[in-house]
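Fold and geometry: a report
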Amino acid sequence: MILFFDFEVLTYDWLVVLIEPMSETETVIVNDREQLEAFYNKHKSDIWVGYNNRSYDNYILKGILCGFNPKDINDHIIVKKRPGWQFSSALKGYTLYSYDCYTDKRFGLKQLEAFMGDDIQESKIPFDIDRKLTDEEIEEMITYCRHDVEETMKVFNHRINEWNTQLQVLTAFDLPIHNIAKTQTQLSATALGAIKTDRYDEWDYSLVDTIRLDKYSYVKDWYLNPDNHDYKKSLITYVCGIPHIFAWGGLHGACGHIEKKKDGSLKVISEPVHRKGLIIHVDVTSFYPSIMIRYDMLSRNVKDKNIYKEIYDTRVALKKAGKKKQQEPYKLILNKTYGGSGDQYSALCDMRRRNEVCINGQLLLCDLCEKLEGHCELLQSNTDGLIIQIPDTDEAFEKIDDICFEWESRTGMGLGFDFIKEIYQKDVNNYLWIDFDDNVHAI
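The notes below deal with the structure included here. (Residues numbered from 1 in each chain as written. Predicted model: local features only at pLDDT ≥ 70, side-chain atom pairs only at ≥ 80, totals over all residues. Heavy atoms only, no water.)

Any two packed helices are characterised by how steeply their axes cross, that is the angle between the axes, and by the distance between the axes. Two elements in contact, helix H7 (residues 184-191) and helix H11 (residues 324-341), have axes separated by 8 Å at closest approach and are oriented at 100°. Our classification of the angle between H7 and H11 gives roughly perpendicular. Packed against H7, whose contacting residues are Gln184, Thr185, Leu187, Ser188 and Ala191, the element H11 presents Leu332, Ile333, Lys336, Thr337 and Gly340 at the interface. (Axes fitted to C-alpha atoms, helices over the stretch in contact; angles between N-to-C directions. Helix = DSSP H or I, 4+ residues; strand = E, 2+ residues; numbered from the N terminus. Parallel < 35°, antiparallel > 145°, perpendicular 65-115°, else oblique. Contact = heavy atoms within 4.5 Å.)

It is worth spelling out the sheet that holds strand E2 (residues 14-20) at this point. Ordered by their spatial adjacency, five strands build an open sheet running E3-E2-E1-E4-E5, and the pairing between neighbours is mixed. Two strands bound the open sheet, and with one partner strand each, they are strand E3 (25-30) and strand E5 (97-100). Going from strand to strand, the sheet's axes swing by 25° on average, the running direction of each strand aside. With six bridges joining them, strand E1 (residues 2-9) and E2 adopt antiparallel strand pairing. Paired with Glu8 across the two strands is Leu15, which belongs to E2. (Pairing = 2+ DSSP bridges.)

This structure, assessed with the given rule, holds 23 salt bridges. Close ionic contact of Glu373 with Lys215 constitutes a salt bridge, the shortest N to O distance being 3.1 Å. In this pair, Glu373 sits in the loop between helix H12 (351-372) and strand E12 (377-382) while Lys215 sits in the loop between H7 and helix H8 (217-224), placing the two residues 158 residues apart along the sequence. For Glu373, a relative accessible area of 26% gives the class partly exposed. Note that Glu406 and Arg410 form a salt bridge whose closest N and O atoms lie 2.8 Å from each other. Of this pair, Glu406 and Arg410 both sit in helix H13 (residues 394-411), separated by four residues, roughly a single helical turn. Given the relative accessible area of 36%, Glu406 is considered partly exposed. Exposure remark for Arg410: the relative accessible area of 13% places this residue in the buried category. (Salt bridge = Lys/Arg side-chain N within 4 Å of Asp/Glu carboxyl O. Buried < 20%, exposed > 50% of the residue type's maximum accessible area, 1.4 Å probe, protein only.)

This part is about the pairing of strand E9 (residues 256-260). Side chains on a regular strand alternate between the two faces of the sheet. When E9 meets strand E10 (residues 266-270), the two strands line up antiparallel, connected through five bridges. Across the sheet, the residue bridging to His257 is Ile269, located in E10. Where E9 hands over to E10, the hairpin turn is made up of five residues, of which Gly264 adopts a positive phi near 95°.

All right, on to the pairing of strand E14 (residues 415-427) then. Two strands pair when backbone bridges link them, and strand E11 (residues 273-284) and E14 are joined in this way by ten bridges, in the antiparallel orientation. Residue pairing for E14: Val282 is matched across the bridge by Phe417. Bridge analysis of E14 against strand E15 (residues 430-435) gives six bridges, and the strand direction is antiparallel. Opposite Glu422, over in E15, you have Ile434 as the bridge partner. What sits between E14 and E15 in their antiparallel hairpin is a turn of two residues.

Following this line, the structure appears as structure tokens:
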């Protein structure tokens, strides 16, 4: 069974609202550790769902059960900006099966309330109020807290596919239920059996020998120059007539121009695009997972690399069979593994492999752009694909198809085509297209 909860912590008061949707039961606890402990003991086998609870509410709950002042834990997390687990090792003494709806770090709960068309409720009582709350203020704070719990339930329902996928991963890889509390990246590391290892060779990356760059070989040289081994640096240049940014986190290119700022640095100015005709989205199939498998660039913390390959093959087989839901847990593991290799807190962390995958991915796409130049108009380059426009003739398509086939055969990557009849593009991160079946795809 699952329940939803949210804590509010003030200087001299704390409270929690807990809602059990299956039994339509609400429990409100105010400044009563014994009541909270009794509730916890009754529900410690349930799954506790919140919003940002992985970073906050879980530690407030455990801290109160341990006998700590929740305000001290609150300040440790909010004021000192330290992770809750560092507050005390005693917190480990309480088991909590929890799930966090805060899966998209771009949006806080209040923003999602607005997106869902609901009223945004802010507390009228300052959280740093230097006295005990009155009974009336307690009731007002309960109303505020209840609203947040109810909104969390709505977010959970909107993102039910993420919850289902999390459960599917546990089932597919036979993982204990306590893993439900992990982030998707942490879950991927667990499924792959990754063991955290300290490494100090992030800049000792290698480039694959299937890259063939001539006109744009200077892009490869930029990455090989030790002076550019700085994650704040990037290369801004024209490729196929449009501005591109090559950096340490991905490739971006879109119609526009490059301007020089007063300090001498370069800036890309995107220009809106509206095109009709034969437009093709050239997408590299599972690009980063394919690179990790084809070129042995999986995190070295994964001891049995065959596991990742088996996951990849299983996902491909399920996709071909049209079993969309069944492939989701395997797709999640494949897509989150790259991110984990660049996460210092992940057991997958291997910055050398992370850099190798990202850099080689960009250079391979640059390679494809170079081969296509002169045979199409490039509208956009992104981390794992291109959008191009070609004349609506068999000859033009066959030329593009031949170039792409040569690139696939040489690199070991696979390409898929989406055919577009009209596109509106603001920049590389904001566009929509209409396919030939009149379906609209928006980014």
